[in-house]
There are 2 protein chains.
Amino acid sequence: MAPGVDGAAPPGGADAAAPTNAPPPASKASPPDGASRLSARGRSLLAPFPEYLQLSFAASADPYDADTNPRGFISLSVAENRLSADLVADRLARRPPLPAGDLAYGNMSGTPDLRAALAALFSASLLRGKRSIPVDAVHLASGAGAVIDLLGSVLADPGDGVLIPTPLYYGFVRDLASRAGVATVAAPMDPATGFAITAAELEDAWRANARRVTPVPLRAVIICNPGNPTGAVMPRAEVAAVVAWARAKGLHAIFDEIYVHSTLEPPPLGGGDDDPAADRFVSVAEVLADAGEGGLGNDVHIVWSFSKDFCGNALRAGVLLTDNAAVREVFETVTYFSSVAADTQAALADALTDGPWLEGYFAENRRRLSSAAAAAAEAMQAARPAGAAISAVAPAAGFFLWTDLRPLFGALTYAETAAAAAARGVALAGGPDDEFAREYAVFKRLVRAKVLVTPGDQCCCEEAGWFRFCFASATEAEVRVAWARIEDAFRPQPVFP
Amino acid sequence: MAPGVDGAAPPGGADAAAPTNAPPPASKASPPDGASRLSARGRSLLAPFPEYLQLSFAASADPYDADTNPRGFISLSVAENRLSADLVADRLARRPPLPAGDLAYGNMSGTPDLRAALAALFSASLLRGKRSIPVDAVHLASGAGAVIDLLGSVLADPGDGVLIPTPLYYGFVRDLASRAGVATVAAPMDPATGFAITAAELEDAWRANARRVTPVPLRAVIICNPGNPTGAVMPRAEVAAVVAWARAKGLHAIFDEIYVHSTLEPPPLGGGDDDPAADRFVSVAEVLADAGEGGLGNDVHIVWSFSKDFCGNALRAGVLLTDNAAVREVFETVTYFSSVAADTQAALADALTDGPWLEGYFAENRRRLSSAAAAAAEAMQAARPAGAAISAVAPAAGFFLWTDLRPLFGALTYAETAAAAAARGVALAGGPDDEFAREYAVFKRLVRAKVLVTPGDQCCCEEAGWFRFCFASATEAEVRVAWARIEDAFRPQPVFP
């Protein structure tokens, strides 16, 4: 278990949320000018983004282009779908004019039109028509991160904790810690099962926490399904088991279903059964409906966003679906601090209520995503960096190949692994043999080759050597170039006599 | 001093921020379903909006219309400019299409285009070209409320306090308390001067706080200039005096200049000198530039928003202007939780960089605002509710007439004042003679007449009987109907024999 992830974060502080295995934040000779005028809380928020994100931001200023910038960065690290952004941009451009009256204050949790459109969408997609979601179950905030931040604030007090299966989406850790002061407790999943999320392993982590001298008071569990970084979808029975387990423990169950409309048909790397991935995915909302429940109850909440399924990270439009009346009441006011422009909401409502467009978009987006996933899997399988075959967990949805680069460990030099261990600057039990130092050394070699991916350490993975490769943030051709670069980066250096 | 405003708010709790003089929140027989599943912090956030805001929301469902709903509500309570919304809506509709690439993650503090456009706007309007504002001084978040919330978090720790002249804009109190747990300490200004903001009275309030058994640790002062609710602009020398005073005390000085482009020409009710109001307004940025300073320093910050000057409350696009490098660094990350849709930002940047449109818009908006202000002042002066002449502080900018309704106190019956005192449900030293009970009784009579205004108590005014009348949220004809209703509401009831 990654000890830096666990434990109570100081209120408002992000320090406790930094994974111990992670590379240290870019060190500064001195704090920025004016830091002494900040509050203690303000200074705690000075912690910069993790290195892989900073590199991604830097890389966006030097992007690869086959014709104009063939030495630029290929970024496969950010959870971004650029493949269908043209379709969304085209639809936004066809919006009707906003009525002048809609510029005045409205509902802070979302416009009536967009909330109604989302309720209809979710009734169809998450519930397959088995139940109608009421409009007032739907709340908008400026991105899924804001939803997690607000939800964390409402369900947990500073120092309380949330249990999250690992490998995890690291945004959860920051979202909970930064403003809400809520800690993350890791629940490591089994590499042998492709890190499949199970109630049994949540129970193990819960018990490990309870055995601590000072257990973290747990308030909730967050389940990402379809998975980030694995791309896996949970079997129906396991979704039900997790909800039953959370209820038995008195925990809220937060299901992040942000990739629900981004299923892959056919899934690359096998792993599918006879059902299409869209059918294999089962929302917790449908599981509860099948159990005869009329809603999500007071303790199950669903998070979604336009970021992934609609290629709209920059639209900052996240969604909370909840049937807890008290949570709804709080969200009607706290979303004042993170509400979405009525202008953007009107354009999104217009798109969602355009049935033919929506159907065509989902189909074409799935086609493009699936094609990109297949091409990425093929490029990975064809590559032989350091002579090794590379494999990944078979995804059924989402944007990622969760890739096992442990075969490359043997090709690292002692010097670069030792340098990586030193650069990480944290106490390493294993010294230069430390497996996470090897992971970091692989990461650094990829950065030198101008290929950016997310090291598993940033996903709080317990087993070193896994990397998250996004196949939706670059073209298929770029992904092939990336693998060619990886082959080159791990080609034995010729020794001249 | 309103004791409920002062004192340390519990972290994350808004309770301590409710003015003691205020009507109690709409009471509930029982907490909403699911409340027991919230954290202590979550339950503290269940406090609803104050009654006058709830009434405003309810009234928006039943708005007055001379032809179709002559018995509907006329709302003069929300700080909203509806007079020029058509111009803004037209311009938004003429936006260019958003490039697909702009749907991907970008800078969380604002798009480069909009930040550059705002830097240019402020260099011209706040600084009159005396200095150029650097682009990285500009940060966007989802509304001025979000900016205050984030700034409060960064500059103050939970339990710390911010000094604010009263009467105040009550949003400040909620914005600081709700999430950041920062307390408000009132600095009452002198009714005899029209509540003009002075450094001398800030010093009095500072000393009163210091004399407490447990002083609130003060970290900042917030100055709203042009004023809300007074509409006054501070003399240049007083702006300089406030900054000097704040610096001597080691406080941050936050200037809310949200009405800077909404000056009134000519100002109604006299009160102007030879200079146009636009010239009489002096930004703290200009004051510092005139003093030879190259920027705002580490301790002066300016808040602005598209809400008021661009009729865009629903655009949720607030702005922080700061030269403190540490604050900038924190904002680059914490604005992740409240960033503005790139789509909306692109439309706003396009409008701001359209020089001819911008110039025409500002001129026409000032013309409409000034005409509305003059008409509202005329209607107020012509009215004789309860046979009384009504007066207001002379505004130079903004949307409000800060109106003295104390002449109506004598027309209240003993029974309605006693009922108002009882309805307020808080310990009242004066019983039914309590002046704030009289203010509340006037408010309730206006509500029955379907005229909504903001009682001074909600502005934490120390002197009872003042009301904020917004002249920009309704047409001139509607404002005249409102005053006719007020006359009717205070007409002596005929006694039939």
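Residues numbered from 1 in each chain as written. Chains lettered and ligands numbered in written order. Predicted model: local features only at pLDDT ≥ 70, side-chain atom pairs only at ≥ 80, totals over all residues. Heavy atoms only, no water.

Under an unreviewed UniProt entry, the name given to chain A is Aminotransferase class I/classII large domain-containing protein, and the source organism is Porphyra umbilicalis.

Peer 1: So what's going on with helix 15 (residues 414-424) of chain B? Which residues, and what values?
Peer 2: Residues and elements named next belong to chain B. Of all the residues in helix 15, the buried ones are E416, T417, A420, A421 and R424. Angularly, the buried residues of helix 15 cover 140° about the axis, an arc narrow enough to put them on a single face. Facing away from the buried surface of helix 15 by more than 90 degrees, the exposed residues are Y414, A415 and A422. Turning to helix 15, the residues buried within the fold contact helix 16 (435-448). (Buried < 20%, exposed > 50% of the residue type's maximum accessible area, 1.4 Å probe, protein only. Helix = DSSP H or I, 4+ residues; strand = E, 2+ residues; numbered from the N terminus. Arc of directions from axis to C-beta. Contact = heavy atoms within 4.5 Å.)

Peer 1: So what's going on with the domain arrangement of chain A? Residues and values would help.
Peer 2: Residue and element names in this part refer to chain A. Domain boundaries in chain A define domain 1 (51-85 + 368-489) and domain 2 (101-359). Computed from C-alpha coordinates alone, the two centres of domain 1 and domain 2 are separated by 27 Å. Counting residues at the interface gives 33 residues for domain 1 and 29 residues for domain 2. The junction of domain 1 with domain 2 conceals about 2600 Å² of combined surface from both sides, 67% of it contributed by carbon and sulfur atoms. At the junction of domain 1 and domain 2, the tally comes to ten residue pairs in polar contact (both at pLDDT 80 or more). When residues of the side of domain 1 that touches domain 2 are traced back to their parent elements, those giving at least two are helix 14 (355-382), strand 10 (400-404) and strand 13 (466-470). Per-element accounting of the side of domain 1 that touches domain 2 gives the leading share, seven residues, to helix 14. Split into classes, the residues belonging to the side of domain 1 that touches domain 2 amount to 23 nonpolar, six polar and four charged. (Domains from an automatic or database assignment. Buried area = accessible area lost by both parts, 1.4 Å probe. Polar contact = N/O pair within 3.5 Å; in protein donor to acceptor, adjacent residues only side chain to side chain. Nonpolar A, V, L, I, M, F, W, Y, C, P; charged D, E, K, R; others polar.)

Peer 1: Now, about unusual backbone geometry: what can you tell me, with residues and values included?
Peer 2: A cis amide bond links N225(A) with the next residue in sequence, P226(A), at an omega value of 0°. Locating P226(A) in the fold gives a position in the loop between strand 5 (218-224) and helix 8 (236-249). Residues other than glycine seldom take positive phi values, yet K450(B) does so here, at roughly 65°. Position of K450(B) among the secondary structure elements: in the loop between helix 16 and strand 11 (451-452). Phi at C460(B) takes a positive value of approximately 60°, unusual for a residue other than glycine. Exposure remark for C460(B): the relative accessible area of 3% places this residue in the buried category.

Peer 1: Got a sec to walk through the side chain of S339(A)? Specific residues and values, please.
Peer 2: Considering the arrangement of structural elements, one finds S339(A) in the loop between helix 12 (325-334) and helix 13 (342-352). The residues touching S339(A), leaving out its near neighbours within four places in the chain, are M108(A), S142(A), S142(B) and R316(B).

Peer 1: Give a detailed account of the interface of chain A and chain B, specifying residues and quantitative values.
Peer 2: Often the size quoted for an interface is simply the accessible area lost on bringing the parts together. Chain A puts 83 residues into the contact, and the matching count from chain B is 83 residues. Summed over both partners, the interface of chain A with chain B comes to about 6700 Å²; 55% of that surface belongs to carbon and sulfur atoms. When the buried area of chain A at its contact with chain B is split by residue, R37(A), R179(A) and F337(A) rank highest and sum to 13% of it. At the junction of chain A with chain B, the criterion picks out six salt bridges. (Salt bridge = Lys/Arg side-chain N within 4 Å of Asp/Glu carboxyl O.)

Peer 1: Lay out the pairing of strand 6 (residues 252-256) of chain A in plain terms, naming residues and giving numbers.
Peer 2: All names here are of chain A. Where burial is concerned, most of strand 6 is hidden: five out of the five residues are buried. On strand 6, burial covers both faces: H252, I254 and D256 on one face and A253 and F255 on the other are all buried. Regarding the hand of the β-α-β motif, the stretch spanning strand 5, helix 8 and strand 6 is right-handed. Examined bridge by bridge, strand 6 and strand 7 (residues 300-305) share four bridges and lie parallel to one another. Each bridged residue has a counterpart across the sheet, and for I254 the counterpart in strand 7 is H301. (Right-handed = clockwise from strand over helix to strand, strands pointing away. Pairing = 2+ DSSP bridges.)

Peer 1: Residue-level account of the packing of helix 4 (residues 112-125) of chain B against helix 13 (residues 342-352) of chain B, with values.
Peer 2: All names here are of chain B. Close contact between helix 4 and helix 13 brings their axes to 8 Å; oriented N to C, the two are set at 35°. The chirality of how helix 4 crosses helix 13 is left-handed. Within the contact between the two elements, helix 4 uses D113, L114, A117, L118 and L121 and helix 13 uses Q345, L348, A349 and L352. Classifying every residue of the contact of helix 4 with helix 13 by side-chain character gives seven nonpolar, one polar and one charged. (Axes fitted to C-alpha atoms, helices over the stretch in contact; angles between N-to-C directions. Left-handed = near helix turned anticlockwise from the far one by under 90°.)

Peer 1: I'd like a rundown of the nonpolar core, residues and numbers included.
Peer 2: Residues L76(B), L405(B), V442(B), F469(B), F471(B) and W483(B) are the most contacted members of the largest nonpolar core, which totals 89 residues. Here this core takes eight residues from helix 5 (residues 144-155) of chain B, the largest share from any one element. Residues from two domains meet in this core; each of domain 1 (51-85 + 362-489) and domain 2 (99-359) of chain B gives at least three. When neighbours within four sequence positions are excluded, F471(B) is seen to be in contact with L83(B), L264(B), L369(B), A372(B), A373(B), A376(B), G398(B), F399(B), F400(B) and L401(B). By size, the runner-up hydrophobic cluster in this structure holds 88 residues, among which are A146(A), L176(A), I222(A) and I390(A). (Core = buried A, V, L, I, M, F, W, Y, C linked by side-chain atoms within 4.5 Å.)

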